[in-house]
Amino acid sequence: MQDEGLGPDSPLTRAATITRRAFGQALGIAAVAGSVPGLSGTAWAQPAKAAIVAGAGDELCDLSAIELVARMRRKQVSAREVMTAHLARIERVNAKVNAVVTIVAERAMADAARADERLTRGESSGVLHGLPVAHKDLVDTAGIRTTRGSPFYRDNVPARDALIVTRIRAAGAITCGKTNTPEFGAGSQTFNSVFGATRNPYDGTKTCGGSSGGAAVALACGMVPIADGSDMGGSLRNPAAFCNVVGLRPAPGRVPGTAGSWSPLSVSGPMARSVADVALFLSAMAGPDPVNPLSIAEDSSQFRAPLGRDFKGVRVAWWRGLGGIPFEPEIRQIVDANRRVFEGLGCIVEEAEPDFAGVDEAFPALRFTGNYSQYAPLVREHPEWVKDTIKYEVAEAERISAAAIGRALARQTRMYDQSRQFFERYDYFVLPVTQVSPFDVTVPYPAQIAGTAMGTYIDWMRSCWYITFMSNPAISVPAGFTPAGLPVGIQIVGRHRGEWSLLQMAHAFEQATQHGKKRATILNG
């Protein structure tokens with residue numbers, strides 16, 4: 001596996017990426033009010049860098065998204081000061097973890113100045129006003145390089161934004177860069193031949209998971225307060241678990257996805273350092289989309305209501321082993337120790353789980369054939385540019401028969417009905433996010449778990465993609481740490497399209513445990 005850095009002499013620091021020298025210069029853009037062309041002086045009297053010099057920058061980077069928005073609206077801090085602080089954190093920390101792979105500091109500072117100007121004029125601000133955000137390098141961003149972690153797109157600069165980016169910016173967030181992802185988002189370990197590997201912020205020798213690995217690390221390190229991601233087999237949940245942050249896989253159709261797609265497998269969603277911040281972010285991302293046949297036509301403002309509620313008598317199903325798939329003993333121990341938290345909230349907790357028989361054949365069949373039209377032409381054009389696991393997917397898709405695809409679709413239909421019946425009895429289903437703790441960053445994927453060999457590069461994430469197959473919303477919340485100090489996540493699954501109730505339960509668990517308060521150890525170096 002290649003693991004290359006992003007130093008100032010790298011050929012990758014071009015297009016929308018700025019050099020380290022320009023990056024440092026950009027931090028001073030807001031030092032003089034009105035320095036951005038076309039903007040007059042504003043009510044923000046103090047230079048943005050003054051906050052950094054005074055030590056306030058680190059405080060700003062550690063605040064929640066909700067608190068940052070509140071302070072900016074009260075004019076206690078400017079969007080320029082917030083952006084300057086986060087760009088300074090990126091400059092100080094990113095070289096250690098390689099999470100943000102394209103940085104647009106000058107553009108971000110100019111956009112922050114405009115946000116301050118709008119607020120000074122009394123214009124309405126969005127729910128994400130002034131928040132720095134980094135987008136996953138799979139999603140198109142107009143004028144900003146989008147590589148998809150592949151040599152095929154090394155210099156790709158899209159002409160328009162994806163709808164999810166449009167919505168995030170319309171809500172007031174300010175793009176400061178792109179986060180690393182595996183090649184085409186394939187796999188739950190974040191590395192590629194364009195940028196190299198992203199490292200775990202709690203131990204730089206370990207993986208951060210994936211495929212939204214760069215997003216999770218950027219959050220854990222305080223480089224951004226919110227970051228978008230996507231999830232087919234666990235890509236929002238696995239890196240959240242490995243990096244001690246929160247990742248929500250929404251119900252299919254809740255957030256705009258691939259135009260015209262009928263598949264419920266891949267979704268986009270929010271990541272942040274707290275459940276409340278995830279809920280705020282979801283309120284900006286969610287909403288109907290006429291080009292998406294699975295689109296949910298509900299008002300997304302519902303996700304900005306208070307999260308507190310009573311859980312006395314609520315029925316929770318506690319996992320039993322997911323049909324016997326292997327787990328590391330420390331994962332079982334840490335997750336099961338949290339059962340008493342739900343009982344302490346007043347929940348009735350029983351051991352029960354849906355029937356996942358046959359999903360281990362059906363999900364890969366639909367995944368491989370669904371990705372075939374994207375991958376196959378690339379493998380034919382430049383096989384040397386494509387990693388072996390993607391070549392494997394293409395070969396498997398060509399091997400799978402039409403009858404096998406039909407059986408997989410039938411199993412998907414039965415899974416939905418079984419899930420519906422299961423959630424008639426239970427309000428939530430709780431299980432581990434991952435089957436292993438973060439492993440060596442130089443290992444593409446675990447070859448075995450607890451003595452059981454993994455047949456493919458996705459087998460080790462069945463605890464996530466079994467849940468994907470249910471089409472229910474699921475969230476990863478910090479659940480504790482291994483004896484080696486590595487984060488472990490707990491996965492809470494809600495009823496069909498029941499994100500609001502799911503967020504409430506996740507918030508209650510988070511407040512009761514406070515596991516997410518432990519910050520990345522790499523920040524201490």
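Report follows, based on the coordinates. Numbering of residues starts from 1 in each chain and follows the order in which that chain's sequence is written. Predicted model: local features are reported for residues with pLDDT of at least 70 only, side-chain atom pairs are reported and counted for 80 or more only, and whole-chain, interface and lining totals are derived from all residues. The side-chain quantities take in all heavy atoms of the structure and omit both hydrogens and water.

Partly exposed residues are those whose accessible area sits between 20% and 50% of the maximum for their type, while under 20% is buried and over 50% is exposed, using a 1.4 Å probe and protein chains only. Helix numbering and strand numbering both begin at the N terminus, where a helix is a DSSP run of H or I of at least 4 residues and a strand a DSSP run of E of at least 2. What helix H4 (residues 65–73) keeps buried is the set Ala65, Leu68, Val69 and Met72. All buried residues of H4 lie within an arc of 95 degrees about the axis, which places them on one face of the element. Backbone geometry just after H4 places Lys75 at a positive phi near 60 degrees. As used here, the arc is the angular range of directions from the helix axis to the C-beta atoms.

The subject of this paragraph is the pattern of salt bridges. Charged atoms that come close allow side chains of opposite charge to pair. Counted as salt bridges are all cases of a side-chain nitrogen of Lys or Arg within 4 Å of a carboxyl oxygen of Asp or Glu. If you walk through the whole model with that rule in mind, you get 27 salt bridges. One salt bridge in this structure joins Arg169 and Asp161, with 2.6 Å as the shortest N-O distance. Classification of Asp161 as partly exposed rests on a relative accessible area of 22%. Taken together, the salt bridges that share partners define one network made up of Asp58, Asp62, Arg89 and Arg92.

A separate point is the side chain of Arg237. Assignment of secondary structure puts Arg237 in the loop between strand E8 (226–231) and helix H9 (238–243). At 3.0 Å, the side chain of Arg237 forms a polar contact with the backbone oxygen of Cys464. Whenever a nitrogen or oxygen atom comes within 3.5 Å of another N or O atom, the pair is scored as a polar contact, on the condition that within protein one atom can donate a hydrogen and the other can accept it, and that pairs from neighbouring residues in sequence are kept only if both atoms are in side chains. At a separation of 2.8 Å, a polar atom in the side chain of Arg237 contacts the side chain of Thr468. We call two residues in contact whenever any of their non-hydrogen atoms come within 4.5 Å of each other. Those residues in contact with Arg237, other than ones at most four positions away along the chain, are Asp231, Met232, Gly247, Arg249, Val433, Cys464, Ile467, Thr468, Ala474, Ser476 and Gln491.

Now for the sheet that holds strand E16 (residues 474–481). A pair of strands is treated as paired once DSSP finds two or more bridges between them. What the 11 strands build is an open sheet, ordered E1-E3-E2-E8-E10-E9-E16-E17-E13-E11-E12; its pairing is mixed. This sheet does not close on itself; its edge strands, each paired only once, are strand E1 (100–103) and strand E12 (348–351). In this sheet, adjacent strand axes meet at a mean angle of 30 degrees when their direction is disregarded. For E1 and strand E3 (residues 174–179), the ladder comprises 3 bridges, and the chain directions are antiparallel. Residue pairing in the sheet places Val100 in a bridge with Thr179 of E3. Axis definition: a line fitted to C-alpha atoms, limited for helices to the stretch in contact. Angles are taken between N-to-C directions and run from 0 to 180 degrees. Each of strand E2 (132–136), E8, strand E9 (246–249) and strand E10 (267–272) touches helix H10 (residues 275–285); the most contacted strand, E10, lies at about 140 degrees to it.

Burial of nonpolar side chains together is a common tendency in soluble globular proteins. Core analysis: the largest hydrophobic core is formed by 153 residues, its most contacted members being Leu128, Phe342, Phe429 and Leu503. Looking at which element gives the most residues to this core, the answer is helix H13 (residues 359–381), with 10 residues. The contact partners of Phe342, leaving out residues within four places of it in the chain, are Trp318, Cys347, Val349, Val430, Ile490, Ile492, Met505 and Phe509. In plain words, nonpolar cores are sets of buried Ala, Val, Leu, Ile, Met, Phe, Trp, Tyr and Cys residues tied together by side-chain atoms within 4.5 Å.

Classification of ring pairs uses Phe, Tyr and Trp, with its six-membered ring standing for Trp, and accepts pairs whose centres are within 6.5 Å; under 30 degrees between planes counts as stacked, over 60 as edge-to-face, and the remaining range as tilted. Per the counting criterion, the structure on display carries 19 aromatic pairs. Residues Tyr202 and Phe481 carry aromatic rings whose centres are separated by 5.8 Å and whose planes lie at 50 degrees to one another, so their mutual orientation is tilted. Of this pair, Tyr202 sits in the loop between strand E6 (199–200) and strand E7 (203–207) while Phe481 sits in strand E16, placing them 279 residues apart in sequence. Just as Tyr202 is buried, Phe481 falls in that class too. For the pair Phe342 and Phe509, a centre-to-centre distance of 5.3 Å together with 20 degrees between the ring planes defines the contact as stacked. Separated by 167 residues along the polypeptide, Phe342 in helix H12 (residues 339–344) and Phe509 in helix H17 (residues 499–513) bring together distant segments of the chain. For Phe342, a relative accessible area of 0% puts it in the buried group. Given a relative accessible area of 0%, Phe509 falls into the buried group. Of the aromatic side chains, those joined through ring pairs into one cluster are Phe356, Phe363, Trp465 and Tyr466. For Arg148, the ring lying beneath its charged end belongs to Tyr153, and the centroid distance is 4.4 Å. In this scheme, the term charge over a ring applies when either NZ of a lysine or CZ of an arginine sits within 6 Å of the ring centre and within 35 degrees of the ring normal.

Turning next to the environment of Glu91. By secondary structure assignment, the location of Glu91 is in helix H5 (residues 79–97). When its relative accessible area of 28% is taken as the criterion, Glu91 is described as partly exposed. Each C-alpha atom of the pair Glu91 and Ile103 lies 10.0 Å from the other, and the pair is 12 residues apart in sequence.

Moving on, we come to the packing of H10 against H17. Between H10 and H17, the least distance of the axes is 9 Å, while the angle of their chain directions is 160 degrees. Compared by their axis directions, H10 and H17 come out roughly antiparallel. Residue-level inspection shows Val275, Val278, Ala279 and Leu282 of H10 in contact with H17, the latter providing Glu499, Leu503, Ala506, His507 and Glu510. Orientation is classified from the angle alone, with under 35 degrees giving roughly parallel, over 145 giving roughly antiparallel, 65 to 115 giving roughly perpendicular, and any other angle giving oblique.

On the basis of relative accessible area, Arg237 is assigned to the buried category, the value being 0%. The spacing of Arg237 and Ser188 is 49 residues in sequence and 9.9 Å in space, taken between C-alpha atoms.

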